[in-house]
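If you want the building blocks of each chain, they are given just below.
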Amino acid sequence: MVAVTPRAVTRDQLAGAARAAVGGGRTLEAVERLTGGTTKGVYRLTMNDATTAVAYLWKKSENYWPATEGDGDLTDPFAPGVGLDLFEASHARLASLGLRVPEVYLVDRDRTHYLADLAIVEDFPGEDLMDLFNRDPRAAEPTMARLADALAVMRCHRAPSFGKVAQIDKGGTSRAASCEVAALEFALRCLAEAASRDRRISDARGRLEERLRELAAAVRPRAEYSVVHGELGLDHVLVDRDGNPVVIDFEELLYFDVEWEHVFLRLRHSEDQYRRLAVEDLDEDRLALYRLTQHLSLTAGPLRLLDGDFPDRAFMQGIAEHHLNQALTLV
(Lines give C-alpha, C1' and ligand atoms only; values in the text may rest on other atoms or scores of the structure.)
Protein backbone atom coordinates (compact mmCIF):
# COMPACT_ATOMS: atom_id res chain seq x y z
CA MET A 1 0.00 0.00 0.00
CA VAL A 2 1.28 3.45 -0.95
CA ALA A 3 0.75 6.72 0.86
CA VAL A 4 -1.31 9.41 -0.88
CA THR A 5 -2.46 12.87 0.12
CA PRO A 6 -4.94 12.75 3.03
CA ARG A 7 -8.43 14.01 2.29
CA ALA A 8 -9.36 15.53 5.63
CA VAL A 9 -8.00 13.57 8.59
CA THR A 10 -5.38 15.03 10.90
CA ARG A 11 -3.21 13.63 13.66
CA ASP A 12 -5.18 15.50 16.30
CA GLN A 13 -8.45 13.96 15.10
CA LEU A 14 -7.16 10.40 15.55
CA ALA A 15 -4.86 10.90 18.54
CA GLY A 16 -7.42 9.76 21.13
CA ALA A 17 -8.50 6.71 19.11
CA ALA A 18 -4.88 5.70 18.52
CA ARG A 19 -4.08 6.01 22.22
CA ALA A 20 -7.13 3.91 23.15
CA ALA A 21 -6.31 1.27 20.54
CA VAL A 22 -2.57 0.85 20.98
CA GLY A 23 -2.13 1.96 24.60
CA GLY A 24 1.06 1.60 26.58
CA GLY A 25 1.43 5.34 27.03
CA ARG A 26 2.17 5.79 23.33
CA THR A 27 1.21 8.95 21.48
CA LEU A 28 0.36 9.39 17.83
CA GLU A 29 3.19 10.86 15.76
CA ALA A 30 1.95 10.68 12.18
CA VAL A 31 -1.05 9.82 10.01
CA GLU A 32 -0.80 8.88 6.32
CA ARG A 33 -3.59 7.90 4.00
CA LEU A 34 -3.05 4.64 2.11
CA THR A 35 -4.24 3.74 -1.35
CA GLY A 36 -6.65 0.89 -1.93
CA GLY A 37 -9.74 2.21 -0.21
CA THR A 38 -12.57 3.53 -2.40
CA THR A 39 -15.41 3.10 0.11
CA LYS A 40 -13.58 3.90 3.35
CA GLY A 41 -10.57 5.86 4.50
CA VAL A 42 -7.51 3.73 5.26
CA TYR A 43 -4.84 5.45 7.35
CA ARG A 44 -1.56 4.24 8.79
CA LEU A 45 -1.01 5.46 12.34
CA THR A 46 2.58 5.72 13.52
CA MET A 47 3.16 6.11 17.26
CA ASN A 48 6.07 7.81 19.00
CA ASP A 49 7.85 4.45 19.49
CA ALA A 50 7.41 3.51 15.78
CA THR A 51 4.55 1.12 16.57
CA THR A 52 2.03 1.22 13.72
CA ALA A 53 -1.63 0.38 13.23
CA VAL A 54 -4.23 1.01 10.53
CA ALA A 55 -7.41 3.02 10.99
CA TYR A 56 -10.50 2.37 8.87
CA LEU A 57 -12.93 5.29 8.69
CA TRP A 58 -16.43 4.90 7.27
CA LYS A 59 -17.33 8.46 6.40
CA LYS A 60 -19.15 9.98 3.45
CA SER A 61 -16.18 12.12 2.47
CA GLU A 62 -13.98 8.99 2.35
CA ASN A 63 -16.27 7.16 -0.08
CA TYR A 64 -15.40 7.91 -3.70
CA TRP A 65 -18.46 6.14 -5.09
CA PRO A 66 -21.40 8.27 -6.26
CA ALA A 67 -24.65 7.14 -4.66
CA THR A 68 -26.75 4.70 -6.65
CA GLU A 69 -30.12 3.06 -6.25
CA GLY A 70 -30.02 0.08 -3.93
CA ASP A 71 -27.00 1.19 -1.89
CA GLY A 72 -26.93 -0.71 1.37
CA ASP A 73 -29.61 -3.26 0.41
CA LEU A 74 -28.35 -6.36 2.21
CA THR A 75 -30.92 -8.56 0.46
CA ASP A 76 -29.03 -8.01 -2.81
CA PRO A 77 -25.64 -9.77 -2.82
CA PHE A 78 -24.27 -7.21 -5.28
CA ALA A 79 -25.71 -3.98 -3.93
CA PRO A 80 -22.94 -1.69 -2.70
CA GLY A 81 -22.47 -2.36 0.98
CA VAL A 82 -20.43 -0.06 3.17
CA GLY A 83 -19.89 0.10 6.88
CA LEU A 84 -18.62 -1.24 10.15
CA ASP A 85 -21.34 -3.88 10.46
CA LEU A 86 -20.23 -5.57 7.23
CA PHE A 87 -16.60 -5.36 8.32
CA GLU A 88 -17.28 -6.99 11.68
CA ALA A 89 -19.47 -9.78 10.28
CA SER A 90 -16.99 -10.64 7.54
CA HIS A 91 -14.01 -10.47 9.88
CA ALA A 92 -15.75 -12.82 12.30
CA ARG A 93 -16.59 -15.34 9.59
CA LEU A 94 -13.08 -15.46 8.14
CA ALA A 95 -11.52 -15.71 11.59
CA SER A 96 -13.90 -18.55 12.49
CA LEU A 97 -12.56 -20.47 9.50
CA GLY A 98 -8.99 -20.03 10.69
CA LEU A 99 -7.95 -17.47 8.10
CA ARG A 100 -5.39 -14.85 9.08
CA VAL A 101 -7.09 -11.46 9.21
CA PRO A 102 -5.84 -8.28 10.90
CA GLU A 103 -6.37 -8.26 14.65
CA VAL A 104 -8.92 -5.65 15.67
CA TYR A 105 -7.60 -3.31 18.37
CA LEU A 106 -10.54 -0.92 18.62
CA VAL A 107 -14.09 -0.59 17.27
CA ASP A 108 -15.87 2.70 17.84
CA ARG A 109 -19.44 2.75 16.55
CA ASP A 110 -20.54 5.26 19.19
CA ARG A 111 -18.20 7.89 17.67
CA THR A 112 -16.50 8.47 20.97
CA HIS A 113 -13.14 9.11 19.34
CA TYR A 114 -14.08 10.35 15.87
CA LEU A 115 -17.09 11.74 13.99
CA ALA A 116 -17.59 8.54 11.96
CA ASP A 117 -17.58 4.79 12.50
CA LEU A 118 -14.02 3.69 13.15
CA ALA A 119 -11.95 0.53 13.52
CA ILE A 120 -8.24 0.34 14.28
CA VAL A 121 -6.51 -2.88 13.29
CA GLU A 122 -3.16 -4.59 13.07
CA ASP A 123 -0.76 -3.21 10.46
CA PHE A 124 1.40 -5.13 8.00
CA PRO A 125 3.66 -2.44 6.54
CA GLY A 126 5.66 -4.65 4.17
CA GLU A 127 4.86 -5.81 0.65
CA ASP A 128 1.47 -7.19 -0.26
CA LEU A 129 1.44 -10.61 -1.90
CA MET A 130 1.14 -9.17 -5.41
CA ASP A 131 4.28 -7.08 -4.96
CA LEU A 132 6.14 -9.98 -3.38
CA PHE A 133 5.18 -12.36 -6.17
CA ASN A 134 6.15 -9.88 -8.88
CA ARG A 135 9.51 -9.24 -7.22
CA ASP A 136 10.37 -12.84 -6.30
CA PRO A 137 7.91 -15.61 -7.26
CA ARG A 138 9.98 -18.24 -5.47
CA ALA A 139 9.92 -16.29 -2.19
CA ALA A 140 6.15 -15.94 -2.56
CA GLU A 141 5.56 -19.68 -3.04
CA PRO A 142 4.94 -20.63 0.62
CA THR A 143 2.46 -17.78 1.08
CA MET A 144 0.71 -18.64 -2.19
CA ALA A 145 0.40 -22.26 -1.05
CA ARG A 146 -1.14 -21.16 2.25
CA LEU A 147 -3.52 -18.87 0.39
CA ALA A 148 -4.61 -21.82 -1.76
CA ASP A 149 -5.25 -23.78 1.45
CA ALA A 150 -7.30 -20.88 2.83
CA LEU A 151 -9.38 -20.77 -0.36
CA ALA A 152 -10.02 -24.51 0.02
CA VAL A 153 -11.32 -23.94 3.56
CA MET A 154 -13.58 -21.15 2.31
CA ARG A 155 -14.85 -23.38 -0.50
CA CYS A 156 -15.67 -26.27 1.83
CA HIS A 157 -17.73 -24.17 4.22
CA ARG A 158 -21.46 -24.53 3.65
CA ALA A 159 -23.91 -21.75 4.43
CA PRO A 160 -27.69 -22.21 4.72
CA SER A 161 -28.36 -19.63 2.02
CA PHE A 162 -26.55 -17.29 -0.35
CA GLY A 163 -25.93 -13.59 0.02
CA LYS A 164 -23.88 -11.13 2.02
CA VAL A 165 -22.35 -12.76 5.09
CA ALA A 166 -23.58 -9.85 7.19
CA GLN A 167 -27.13 -10.61 6.06
CA ILE A 168 -27.14 -14.41 6.21
CA ASP A 169 -25.31 -14.74 9.54
CA LYS A 170 -27.98 -12.68 11.28
CA GLY A 171 -30.71 -14.98 9.92
CA GLY A 172 -31.63 -12.97 6.83
CA THR A 173 -32.04 -14.04 3.22
CA SER A 174 -31.43 -12.68 -0.25
CA ARG A 175 -34.39 -11.72 -2.39
CA ALA A 176 -33.27 -13.49 -5.59
CA ALA A 177 -34.20 -17.13 -6.11
CA SER A 178 -30.66 -18.36 -6.72
CA CYS A 179 -27.05 -17.28 -7.21
CA GLU A 180 -27.40 -17.32 -10.99
CA VAL A 181 -30.58 -15.25 -10.88
CA ALA A 182 -28.90 -12.71 -8.61
CA ALA A 183 -25.92 -12.58 -10.96
CA LEU A 184 -28.14 -12.13 -14.03
CA GLU A 185 -30.02 -9.27 -12.38
CA PHE A 186 -26.71 -7.66 -11.45
CA ALA A 187 -25.32 -8.13 -14.95
CA LEU A 188 -28.36 -6.50 -16.52
CA ARG A 189 -28.00 -3.51 -14.17
CA CYS A 190 -24.33 -3.21 -15.08
CA LEU A 191 -25.17 -3.49 -18.77
CA ALA A 192 -27.72 -0.69 -18.54
CA GLU A 193 -25.33 1.49 -16.60
CA ALA A 194 -22.41 0.90 -18.96
CA ALA A 195 -24.63 1.46 -22.00
CA SER A 196 -25.64 4.86 -20.62
CA ARG A 197 -21.97 5.89 -20.47
CA ASP A 198 -20.38 4.27 -23.53
CA ARG A 199 -21.70 4.10 -27.08
CA ARG A 200 -19.97 0.80 -27.87
CA ILE A 201 -21.84 -1.00 -25.09
CA SER A 202 -25.04 0.79 -26.06
CA ASP A 203 -24.71 -0.44 -29.63
CA ALA A 204 -24.14 -4.02 -28.44
CA ARG A 205 -26.68 -3.93 -25.61
CA GLY A 206 -29.23 -6.20 -27.29
CA ARG A 207 -26.66 -8.86 -28.13
CA LEU A 208 -25.11 -8.69 -24.66
CA GLU A 209 -28.48 -9.05 -22.96
CA GLU A 210 -29.42 -11.98 -25.16
CA ARG A 211 -26.11 -13.67 -24.38
CA LEU A 212 -26.53 -13.14 -20.65
CA ARG A 213 -29.96 -14.73 -20.69
CA GLU A 214 -28.66 -17.68 -22.71
CA LEU A 215 -25.84 -18.24 -20.25
CA ALA A 216 -28.15 -18.01 -17.24
CA ALA A 217 -30.62 -20.44 -18.78
CA ALA A 218 -27.85 -23.03 -19.22
CA VAL A 219 -26.98 -23.08 -15.51
CA ARG A 220 -28.29 -26.14 -13.70
CA PRO A 221 -29.76 -25.70 -10.20
CA ARG A 222 -27.39 -26.11 -7.28
CA ALA A 223 -27.51 -25.19 -3.60
CA GLU A 224 -23.93 -25.23 -2.28
CA TYR A 225 -22.91 -21.87 -0.90
CA SER A 226 -19.25 -21.30 -0.11
CA VAL A 227 -17.50 -18.34 1.46
CA VAL A 228 -16.42 -15.99 -1.33
CA HIS A 229 -14.30 -12.87 -0.96
CA GLY A 230 -15.34 -11.58 -4.38
CA GLU A 231 -12.38 -9.28 -5.05
CA LEU A 232 -9.49 -11.44 -3.93
CA GLY A 233 -6.59 -9.96 -5.82
CA LEU A 234 -3.13 -10.65 -4.44
CA ASP A 235 -3.02 -6.94 -3.64
CA HIS A 236 -5.80 -7.66 -1.12
CA VAL A 237 -3.55 -10.16 0.64
CA LEU A 238 -0.84 -8.92 2.99
CA VAL A 239 1.98 -11.05 4.40
CA ASP A 240 2.78 -11.36 8.09
CA ARG A 241 6.20 -11.98 9.61
CA ASP A 242 5.72 -15.73 9.43
CA GLY A 243 4.80 -15.67 5.74
CA ASN A 244 1.09 -16.20 6.31
CA PRO A 245 -1.39 -14.58 3.93
CA VAL A 246 -3.50 -11.90 5.64
CA VAL A 247 -6.82 -11.23 3.91
CA ILE A 248 -8.10 -7.63 3.83
CA ASP A 249 -10.83 -5.60 2.07
CA PHE A 250 -13.41 -8.25 2.86
CA GLU A 251 -16.51 -6.18 3.68
CA GLU A 252 -18.38 -7.58 0.67
CA LEU A 253 -17.79 -11.19 1.77
CA LEU A 254 -20.49 -13.48 0.36
CA TYR A 255 -21.92 -16.93 0.63
CA PHE A 256 -22.09 -17.76 -3.05
CA ASP A 257 -20.96 -20.06 -5.83
CA VAL A 258 -17.24 -20.77 -5.62
CA GLU A 259 -17.08 -20.10 -9.39
CA TRP A 260 -17.63 -16.39 -8.70
CA GLU A 261 -14.35 -16.31 -6.77
CA HIS A 262 -12.40 -18.13 -9.44
CA VAL A 263 -13.66 -15.99 -12.28
CA PHE A 264 -12.31 -12.93 -10.47
CA LEU A 265 -9.05 -14.68 -9.64
CA ARG A 266 -8.58 -15.54 -13.32
CA LEU A 267 -9.43 -12.03 -14.50
CA ARG A 268 -7.21 -10.33 -11.94
CA HIS A 269 -4.04 -12.42 -12.22
CA SER A 270 -1.52 -13.66 -14.72
CA GLU A 271 -1.65 -17.30 -15.76
CA ASP A 272 1.45 -17.97 -13.67
CA GLN A 273 -0.16 -16.45 -10.59
CA TYR A 274 -3.55 -18.07 -11.02
CA ARG A 275 -2.29 -21.61 -11.61
CA ARG A 276 -1.10 -21.68 -8.00
CA LEU A 277 -4.67 -21.04 -6.83
CA ALA A 278 -6.60 -22.95 -9.50
CA VAL A 279 -8.89 -25.84 -8.63
CA GLU A 280 -10.70 -28.56 -10.53
CA ASP A 281 -14.39 -29.44 -10.74
CA LEU A 282 -15.73 -25.94 -11.36
CA ASP A 283 -19.01 -25.66 -13.23
CA GLU A 284 -18.32 -24.38 -16.75
CA ASP A 285 -21.80 -22.91 -17.23
CA ARG A 286 -21.52 -20.86 -14.06
CA LEU A 287 -18.02 -19.77 -15.02
CA ALA A 288 -19.31 -18.54 -18.39
CA LEU A 289 -22.17 -16.53 -16.88
CA TYR A 290 -20.02 -15.06 -14.15
CA ARG A 291 -17.22 -14.15 -16.56
CA LEU A 292 -19.45 -11.95 -18.69
CA THR A 293 -21.14 -10.56 -15.58
CA GLN A 294 -17.82 -9.54 -14.05
CA HIS A 295 -16.58 -7.97 -17.27
CA LEU A 296 -19.72 -5.83 -17.32
CA SER A 297 -19.36 -5.03 -13.63
CA LEU A 298 -15.74 -3.99 -14.13
CA THR A 299 -16.85 -1.75 -16.98
CA ALA A 300 -19.84 -0.12 -15.31
CA GLY A 301 -18.26 0.26 -11.86
CA PRO A 302 -15.13 2.16 -12.92
CA LEU A 303 -17.17 4.39 -15.26
CA ARG A 304 -19.47 5.28 -12.37
CA LEU A 305 -16.50 5.87 -10.08
CA LEU A 306 -15.22 8.39 -12.63
CA ASP A 307 -18.42 10.39 -12.15
CA GLY A 308 -16.98 11.37 -8.77
CA ASP A 309 -13.60 12.70 -7.64
CA PHE A 310 -11.56 9.49 -7.70
CA PRO A 311 -7.98 10.74 -8.15
CA ASP A 312 -6.30 8.08 -10.33
CA ARG A 313 -8.57 8.58 -13.30
CA ALA A 314 -6.34 7.13 -16.00
CA PHE A 315 -5.94 3.90 -14.05
CA MET A 316 -9.68 3.52 -13.56
CA GLN A 317 -10.41 4.38 -17.18
CA GLY A 318 -7.95 1.70 -18.23
CA ILE A 319 -9.80 -0.93 -16.18
CA ALA A 320 -13.11 0.06 -17.75
CA GLU A 321 -11.67 0.01 -21.26
CA HIS A 322 -10.08 -3.41 -20.82
CA HIS A 323 -13.21 -5.07 -19.49
CA LEU A 324 -15.47 -3.32 -22.00
CA ASN A 325 -13.44 -4.84 -24.82
CA GLN A 326 -13.41 -8.23 -23.13
CA ALA A 327 -17.19 -8.18 -22.76
CA LEU A 328 -17.61 -7.36 -26.43
CA THR A 329 -15.43 -10.30 -27.46
CA LEU A 330 -17.94 -12.63 -25.76
CA VAL A 331 -20.73 -11.70 -28.17
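Residues numbered from 1 in each chain as written. Predicted model: local features only at pLDDT ≥ 70, side-chain atom pairs only at ≥ 80, totals over all residues. Heavy atoms only, no water.

## A look at the overall build of the protein
For step 1, the next point in the chain: Looking only at helices and strands, the protein has twelve helices and eleven strands in total.
For step 2, the next point in the chain: In summary, the protein has a C-alpha radius of gyration of 20 Å against a globular reference of 20 Å for 331 residues, a match within 12%.
For step 3, the next point in the chain: Seen along its three principal axes, the alpha-carbon backbone of the protein occupies a region of about 60 × 45 × 40 Å.
For step 4, the next point in the chain: For the protein, with 331 residues in total, the buried portion stands at 51%.
For step 5, the next point in the chain: Taking contacts inside the protein between residues at least 6 apart in sequence as the whole, the part at least 24 apart equals 70%.
For step 6, the next point in the chain: Each charge class in the protein can be summarised by its mean position, and for the 40 positive and 54 negative side chains these summaries are 2 Å apart. (Helix = DSSP H or I, 4+ residues; strand = E, 2+ residues; numbered from the N terminus. Rg over C-alpha atoms; globule rule 2.2 N^0.38 Å. Buried < 20%, exposed > 50% of the residue type's maximum accessible area, 1.4 Å probe, protein only. Contact = heavy atoms within 4.5 Å. Lys, Arg positive; Asp, Glu negative; His and termini not counted. Charge placed at Lys NZ, Arg CZ, Asp CG, Glu CD.)

## Quick notes on the nonpolar core
For step 1, the next point in the chain: Judged by nonpolar contacts, the single largest core of 78 residues is most densely connected at Leu 94, Leu 129 and Phe 256.
For step 2, the next point in the chain: The dominant element in this core, judged by the number of residues it contributes, is helix H6 (residues 179–195), at ten residues.
For step 3, the next point in the chain: In contact with Leu 94, not counting residues within four places along its chain, are Leu 99, Val 101, Met 154, Val 227, Val 247, Phe 250 and Leu 253. (Core = buried A, V, L, I, M, F, W, Y, C linked by side-chain atoms within 4.5 Å.)

## Topic: the side chain of Arg 276
For step 1, the next point in the chain: Here Arg 276 shows up in the loop between helix H10 (271–274) and helix H11 (284–305).
For step 2, the next point in the chain: Relative accessible area serves as the criterion here: at 17%, Arg 276 is assigned to the buried category.
For step 3, the next point in the chain: Within polar-contact distance, the side chain of Arg 276 engages the side chain of Glu 141 at 2.7 Å.
For step 4, the next point in the chain: Among the polar contacts made by the side chain of Arg 276, one reaches the main-chain carbonyl oxygen of Asp 272 at a distance of 2.6 Å.
For step 5, the next point in the chain: Apart from residues lying up to four places away in sequence, Arg 276 is in contact with Phe 133, Glu 141, Met 144 and Ala 148. (Polar contact = N/O pair within 3.5 Å; in protein donor to acceptor, adjacent residues only side chain to side chain.)

## What about the packing of helix H8 (residues 205–218) against H11?
Angle between the axes and distance between the axes are the two parameters that describe a pair of packed helices.
For step 1, the next point in the chain: Following both chains from N to C, one finds H8 and H11 inclined at 150°, their axes separated by 8 Å at the closest point. In terms of orientation, H8 and H11 fall into the roughly antiparallel class. In the packing of H8 onto H11, the handedness of the crossing is left-handed. Contacts from Leu 208, Arg 211, Leu 212, Leu 215, Ala 216 and Ala 218 of H8 reach H11 at Asp 285, Ala 288, Leu 289, Leu 292, Thr 293 and Leu 296.
For step 2, the next point in the chain: Grouping the constituent residues of the contact of H8 with H11 by class yields nine nonpolar, one polar and two charged. (Axes fitted to C-alpha atoms, helices over the stretch in contact; angles between N-to-C directions. Parallel < 35°, antiparallel > 145°, perpendicular 65-115°, else oblique. Left-handed = near helix turned anticlockwise from the far one by under 90°. Nonpolar A, V, L, I, M, F, W, Y, C, P; charged D, E, K, R; others polar.)

## Examining the packing of aromatic side chains
For step 1, the next point in the chain: Under the criterion given, the structure shown has 13 aromatic pairs.
For step 2, the next point in the chain: Consider the rings of Trp 58 and Phe 87, whose centres lie 5.6 Å apart with planes at 55°: the pair is tilted. Residue Trp 58 is located in strand E4 (residues 52–58), and its partner Phe 87 is located in helix H2 (residues 84–96); the two are separated by 29 residues in the primary sequence.
For step 3, the next point in the chain: In this structure Phe 87 comes out as buried when scored by relative accessible area, which is 3%.
For step 4, the next point in the chain: Arranged with centres 5.4 Å apart and planes meeting at 75°, the rings of Phe 78 and Phe 256 form a pair that is edge-to-face. Linking Phe 78 in the loop between E4 and H2 with Phe 256 in strand E11 (residues 254–256), this pair joins segments that are 178 residues apart in sequence. The exposure classification of Phe 78 matches that of Phe 256, with both residues buried.
For step 5, the next point in the chain: Taking the ring centre of Tyr 56 as reference, the NZ or CZ of Lys 40 above it sits at 5.0 Å. (Phe/Tyr/Trp six-rings, centres within 6.5 Å; stacked < 30°, edge-to-face > 60°. Lys NZ or Arg CZ within 6 Å of the ring centre and 35° of its normal.)

## Comments concerning the sheet that holds E11
Hydrogen bonds between backbone atoms are what pair the strands of a sheet, whose relative direction is either parallel or antiparallel.
For step 1, the next point in the chain: The sheet built from three strands is open, its strands ordered E7-E11-E8 with antiparallel pairing. The outermost strands of the open sheet, each flanked by one partner alone, are strand E7 (163–164) and strand E8 (226–228).
For step 2, the next point in the chain: Taken together, the three bridges between E8 and E11 define a ladder with antiparallel strand orientation. Of the residues in E11, the one forming a bridge with Val 228 is Leu 254. (Pairing = 2+ DSSP bridges.)

## A closer look at the pattern of salt bridges
For step 1, the next point in the chain: Scanning the entire structure with this criterion turns up 36 salt bridges.
For step 2, the next point in the chain: Here Asp 76 ties to Arg 175 by a salt bridge, and the two come within 3.8 Å at their closest N and O atoms. Within this pair, whereas Asp 76 is found in the loop between E4 and H2, its partner Arg 175 is found in the loop between helix H5 (165–168) and H6, the two being separated by 99 residues in sequence.
For step 3, the next point in the chain: What makes Asp 76 buried here is its relative accessible area of 7%.
For step 4, the next point in the chain: Among the salt bridges present, the one from Arg 189 reaches Asp 76, with a minimum N-O distance of 2.9 Å. Of this pair, Arg 189 sits in helix H6 while Asp 76 sits in the loop between E4 and H2, placing them 113 residues apart in sequence.
For step 5, the next point in the chain: Sharing partners across several salt bridges, the network here consists of Glu 180, Arg 222, Asp 257, Glu 259 and Arg 286. (Salt bridge = Lys/Arg side-chain N within 4 Å of Asp/Glu carboxyl O.)

## Quick look at H2
For step 1, the next point in the chain: Over its 13 residues, H2 runs 18 Å from end to end, which matches the ideal 18 Å to within 8%, given 1.5 Å per residue.
For step 2, the next point in the chain: Following H2 by one or two positions, Gly 98 has its phi on the positive side, about 90°. (Expected span 1.5 Å × (residues − 1).)

## Examining the side chain of Ser 90
For step 1, the next point in the chain: Along the polypeptide, Ser 90 turns up in helix H2.
For step 2, the next point in the chain: For Ser 90, the residues in contact, after removing those within four places along its chain, are Val 165, Phe 250, Glu 251 and Leu 253.

## Looking at the packing of H6 against H8
For step 1, the next point in the chain: Where H6 contacts H8, the axes come no closer than 10 Å and their chain directions differ by 170°. By the angle class used here, H6 and H8 are roughly antiparallel. Listed contacts from H8 to Leu 184, Ala 187, Leu 188, Leu 191, Ala 192 and Ala 195 of H6 are Arg 205, Leu 208, Glu 209, Leu 212, Arg 213 and Ala 216.
For step 2, the next point in the chain: Among the residues making up the contact of H6 with H8, the classes are represented as nine nonpolar, no polar and three charged.

Bear in mind that shape data such as this cannot, by itself, settle questions of function.
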